[in-house]
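Per-entry structural report
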Amino acid sequence: MRSFAFAAALVVAAVSAAPAFAETMEYKANLSAETEVPPHADLKGTGTVAATFDTTSMKLSYKVDYQGLTGTATAAHFHGPAAVGANAGVMVPVAIGSGSPIEGSATLTADQAKALEDGKMYFNIHTEANKGGEIRGQVEKAM
């Protein structure tokens, strides 16, 4: 009986001392010309962002699909902290490659992670014709 109690105590101690596991959060954004600031009501570009964020490693992984831009994408970024309708500086630069899709990852700082988790980060894509941004979408938790 003593050995069973001792074994049970060891199991409880081992489980209690186990490290916390990382949580992976999923995020999304719908990109459109209408949500740029200021909006581009006459443009037809659209896109989506699908992202995951590992709360332990602070790694943000993303895939961006887009179509219908006025020309080749010249830049893309995660911006913040900013609410919907507000502009902010670049938080995470993104390598755009040769077109859609854009895929990559970045390790976020604590401030960047807070902006992401608080819904205060947006993604936009720039073109030559729209240097300030052609399509944009607020990054939010995926349901």
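A brief structural summary. (Residues numbered from 1 in each chain as written. Predicted model: local features only at pLDDT ≥ 70, side-chain atom pairs only at ≥ 80, totals over all residues. Heavy atoms only, no water.)

1. A look at the side chain of H126
Put simply, the test is: Counting from the N terminus, the helices are DSSP H or I runs at least four residues long and the strands are E runs at least two residues long. In this scheme, a residue with accessible area under 20% of its type's maximum is buried, one over 50% is exposed, and one in between is partly exposed, where area comes from a 1.4 Å probe on protein chains only. Counted as a polar contact is a pair of N or O atoms within 3.5 Å, where, for protein atoms, one must be capable of donating a hydrogen and the other of accepting one, and residues adjacent in sequence contribute only when both atoms are in side chains.
Residue position: H126 is located in strand 7 (residues 121-127). The buried category is assigned to H126, whose relative accessible area is 8%. From its side chain, H126 meets the backbone oxygen of K131 in a polar contact 2.8 Å long. Among the polar contacts listed, one links the side chain of H126 to the backbone nitrogen of G133, at a separation of 3.2 Å.

2. Section: the pattern of salt bridges
The condition is simple: Salt bridge criterion: a side-chain nitrogen from Lys or Arg within 4 Å of a carboxyl oxygen from Asp or Glu.
Overall, the coordinates contain 3 salt bridges when judged by the stated rule. For the salt bridge of E128 with K131, the shortest nitrogen-to-oxygen distance reads 2.5 Å. Summarising the burial analysis for this pair, E128 and K131 share the class exposed.

3. Here we look at the sheet that holds strand 8 (residues 135-141)
Just so we agree on the cut-off: At least two DSSP bridges between two strands are needed for those strands to be called paired. Interaxial angle, 0 to 180 degrees, is taken between N-to-C directions of lines fitted to C-alpha atoms, where a helix line uses only the stretch in contact.
Reading across the sheet, the 8 strands line up as 5-4-7-8-1-2-3-6 and stay open at both edges, with antiparallel pairing between neighbours. Of all strands in the sheet, those with a lone pairing partner are strand 5 (90-94) and strand 6 (102-107), marking the two edges. Going from strand to strand, the sheet's axes swing by 20° on average, the running direction of each strand aside. Note that strand 1 (residues 24-32) and strand 8 share 3 bridges and pair antiparallel.

4. Looking at unusual backbone geometry
The omega angle of the peptide bond from V37 to P38 is 0°, so this bond is cis rather than trans. Checked against the element boundaries, P38 lands in the loop between strand 1 and strand 2 (46-54). Cis peptide bonds are those with omega within 30 degrees of zero, and the linkage from S100 to P101 qualifies with 0°. Relative to the helices and strands, P101 is located in the loop between strand 5 and strand 6. The phi torsion at M58 lies on the positive side, around 65°, for a residue other than glycine. Take M58: it is sitting in the loop between strand 2 and strand 3 (59-67).

By themselves, these are just geometric observations and shouldn't be taken as functional.
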